[in-house]
Amino acid sequence: LAEADRHRPRFHFVSPAGWLNDPNGLTQWQGTYHLFYQYNPTSALHHRIHWGHATSTDLVTWTDRPVALVPGDDGPDRDGCWSGVLVDDDGTPTILYSGRHGDRELPCVATGSADLDTWTKDPGNPVIDGYPEGLELTAYRDHCVWRENGRWRQLVGSGIAGRGGTALLYDSDDLRTWRFVGPLLTGDATRGTVEGGDWTGTMWECVDLFRPPLAEGADGGTGHAVTDPVDVLVFSAWDEGVTHHPLYWTGRYRGDSFEPSALHRLDYGGRYFYAPQSFRDSAGRRIVFGWLQEGRTDEAMVAAGWSGVMSLPRLVTLGPDGLLVQAPVPEVASLRAEEERHAAQELTADPLSLGSGDQRDLEVSLVLDPGTAIELALATTPDGTETTVLQVIRADRGEGGTITLDRSRSSLDPSVDASPRSGSVPVGDDGAVSLRVLVDHSALEVFANGRALTARTYPTSADARRASLRLVAGSARLVRATSWTMRDTWPGPRPLYP
Ligand code: DQQ
């Protein structure tokens with residue numbers, strides 16, 4: 001690994017070296033947060049996946065633990081220990097993961113030591129030794145496991161040939177013997193588009209079912225839920241080896257089925273926030289991590305010696321419009337150092353400086369008139385040739401807005417992905433827009449009125465570091481803008497290959 005790697009994040013979790021992809025086994029176990037992840041310690045490419053492991057007491061600073069799962073010399077996971085979850089089996093930490101053998105994956109179990117450092121694979125693996133009868137499946141892997149009415153329930157991500165992605169439901173008394181109940185919900189691969197970000201794919205990776213807590217204010221101020229409970233089924237749309245985007249259904253889990261009400265995009269960055277997994281912490285918060293894939297070539301990853309970034313932990317709640325509201329957990333603010341602040345003022349076409357540097361946290365609160373567009377420029381050179389531009393537009397009439405990320409001038413390297421990203425943002429009658437932007441070298445996470453847009457950018461010039469805000473059209477009032485430098489989450493030297 002290069003000593004001064006311009007693109008390696010410093011306050012997002014990255015693997016010690018090599019390749020990182022999905023978050024796995026998320027849990028808060030006896031007070032300590034555990035983050036496991038898909039890991040290839042020996043190269044920056046996806047191959048013979050292990051489970052890496054790190055712990056934290058604050059969700060922002062991490063300690064590397066020994067690798068938790070290594071593919072077997074032989075056996076059902078000889079070609080990789082793919083994604084899965086960790087559950088508390090009456091005091092025994094237990095992992096359910098997808099053992100890969102050849103080009104197939106089957107569910108496997110491992111039990112952990114009290115500190116969750118050492119894992120013993122179940123001699124009965126794979127615990128489900130074939131696909132359910134009578135269904136022609138496109139793929140079969142990844143797990144969501146929970147306790148319900150004294151029994152275990154499990155979803156396995158899959159797809160039904162000729163129809164679309166699906167979540168297959170099982171139940172069990174002991175996490176080892178599973179009964180197939182049936183498909184919980186199946187998508188329709190003839191609907192939606194890849195460009196529109198709403199195609200549900202031919203297979204659902206990393207299915208995750210939960211009931212989100214209500215966002216502040218979502219209860220109409222009564223302190224009680226005024227709507228029926230809403231359940232959420234998250235999945236990542238996949239097709240023929242291509243990772244597309246994370247989506248979620250809102251609806252109602254009814255035991256053996258899921259009654260969908262609507263489909264939504266989880267993150268407008270698409271594949272840059274892939275394979276999310278969530279967990280509930282001891283404070284009852286629903287926290288999700290996702291994998292920020294690279295937007296550069298395999299050769300560039302190998303040259304860097306590492307690949308893949310874990311998102312910051314995000315709080316997800318249900319907003320008053322029945323959609324998920326996302327925000328970094330409040331703990332992220334503990335990494336803030338120097339602060340720059342702008343008081344209320346009319347925004348003009350003259351860029352307002354929001355500081356400079358590769359590690360920043362920005363909070364911008366605005367009021368936009370109808371038909372207004374503003375631009376937040378990031379990682380910009382003094383002459384403006386290199387810049388990453390986030391545009392926020394409030395529609396001319398009616399409610400609603402759009403955010404767009406323009407990466408066409410983000411890098412001088414023509415081999416990196418420069419495709420734009422965009423999505424809709426709720427803007428109420430008052431025109432209020434609240435932006436939170438976290439820049440960490442090549443990792444970028446944007447939250448606009450609770451909607452997320454995640455991406456990667458690879459600035460080239462040493463001075464492509466400035467941030468600024470300006471008015472493009474219409475009229476906008478800045479309520480407040482604050483910009484902080486962010487400290488490293490790895491204050492000391494980090495050992496390789498723990
Ligand atoms: N990554 C894992 C699979 C999962 C995919 C393999 C999602 O279990 O389906 O590394 O990115």
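Since the model is a prediction, treat every value here as computed from it, not as a measurement.

Draft legend 1. Seen up close, the overall build of the protein chain. Scanning the protein chain from N- to C-terminus turns up one helix and 35 strands. If you line up the protein chain on its principal axes, its C-alpha atoms span 65 × 55 × 40 Å. Classification of the 498 residues of the protein chain by burial places 49% in the buried group. Considering only contacts within the protein chain whose residues lie at least 6 apart along the sequence, 60% involve residues at least 24 apart.

Draft legend 2. Broad picture of the UniProt feature "domain: Glycosyl hydrolase family 32 C-terminal" (unreviewed entry) in the protein chain. Those places that UniProt annotates as "domain: Glycosyl hydrolase family 32 C-terminal" (unreviewed entry) correspond, in this numbering, to residues 331-484. Annotated as residues 331-484, this span is 0% helix and 57% strand, and its ends, taken at the C-alpha atoms, are 14 Å apart.

Draft legend 3. Quick look at the site of the ligand. Taken together, 14 residues are adjacent to the ligand, and Q38, W82, S83, E205 and A275 come closest. Elements that contribute at least two residues to the shell around the ligand include exactly β1 (18-29), β5 (80-89), β9 (137-148), β13 (203-210) and β17 (274-280). Residue composition of the shell around the ligand, grouped by class: five nonpolar, five polar and four charged.

Draft legend 4. Here's a closer look at unusual backbone geometry. Residue P126 follows N125 across a cis peptide bond; omega there is -5°. With respect to the helices, strands and loops of the structure, P126 is situated in the loop between β8 (119-121) and β9. Not every positive phi belongs to a glycine, and D90 is a case in point at roughly 55°. Residue A275 is not a glycine yet carries a positive backbone phi of 50°. Positionally, A275 belongs in strand β17.

Draft legend 5. Local environment of the nonpolar core. L155, A167, V207, L233, F235 and V446 are the most contacted members of the largest nonpolar core, which totals 129 residues. Looking at this core element by element, the count peaks at six residues for strand β14 (residues 231-239). Domain assignment of the residues forming this core places at least three in each of domain 1 (18-330) and domain 2 (334-486). L233 has contacts with A167, L185, V207, L209, Y248, W249 and F258, leaving out every residue within four places of it along the chain.

Draft legend 6. Quick peek at the pairing of strand β32 (residues 443-448). The buried count for β32 comes to six of six residues, which makes it a mostly enclosed element. As paired elements, strand β31 (residues 432-440) and β32 share six bridges and run antiparallel to each other. In the sheet register, R436 faces β32, and the bridge partner there is F447. Linking two consecutive strands that pair antiparallel, namely β31 and β32, is a turn of two residues; a positive phi of about 55° is found at H441 within it. Note: β32 against strand β33 (residues 451-456), six bridges, orientation antiparallel. Residue pairing across strands places V446 opposite L453, the latter belonging to β33. Linking β32 to β33, which pair antiparallel, is a turn of two residues; within it N449 sits at a positive phi near 45°.

Draft legend 7. Main features of the sheet that holds strand β4 (residues 63-69). Read across the open sheet, the five strands follow the order β4-β3-β2-β1-β19; overall the sheet is mixed. Of all the strands in the sheet, the pair left with one neighbour each is β4 and β19 (306-307). In terms of strand pairing, strand β2 (residues 32-40) meets strand β3 (residues 50-56) through seven bridges, oriented antiparallel. In the strand pairing of β3, H34 is matched with T55.

Draft legend 8. Focus on the sheet that holds strand β12 (residues 179-186). Read across the sheet, four strands follow the order β9-β10-β11-β12 without closing on themselves; strand pairing throughout is antiparallel. Across the chains shown, the open sheet's two edge strands, defined by having one partner strand only, are β9 and β12. The average undirected angle you get between the axes of adjacent strands in this sheet is 25°. Bridging between strand β11 (residues 164-172) and β12 involves six bridges; their strand directions are antiparallel. By the bridge assignment, A167 is partnered in β12 with L185.

Draft legend 9. Broad picture of the domain arrangement of the protein chain. Assigned domains of the protein chain: these are domain 1 (18-330) and domain 2 (334-486). The centre of domain 1, based on its C-alpha atoms, is set 30 Å off from the matching centre of domain 2. Here the side of domain 1 that touches domain 2 takes four residues from strand β22 (residues 324-328), the largest share from any one element. Taken together, the residues of the side of domain 1 that touches domain 2 sort by class into eleven nonpolar, seven polar and six charged.

Analysis parameters
- Residues numbered from 1 in each chain as written.
- Predicted model: local features only at pLDDT ≥ 70, side-chain atom pairs only at ≥ 80, totals over all residues.
- Helix = DSSP H or I, 4+ residues; strand = E, 2+ residues; numbered from the N terminus.
- Buried ≥ 20, exposed ≤ 12 C-beta atoms within 10 Å, placed from the backbone.
- Contact = placed C-beta atoms within 7 Å.
- UniProt positions renumbered as here; feature names shortened; annotations may be inferred.
- Near = placed C-beta within 6 Å.
- Nonpolar A, V, L, I, M, F, W, Y, C, P; charged D, E, K, R; others polar.
- Core = buried A, V, L, I, M, F, W, Y, C linked by C-beta atoms within 7 Å.
- Domains from an automatic or database assignment.
- Pairing = 2+ DSSP bridges.
- Axes fitted to C-alpha atoms, helices over the stretch in contact; angles between N-to-C directions.

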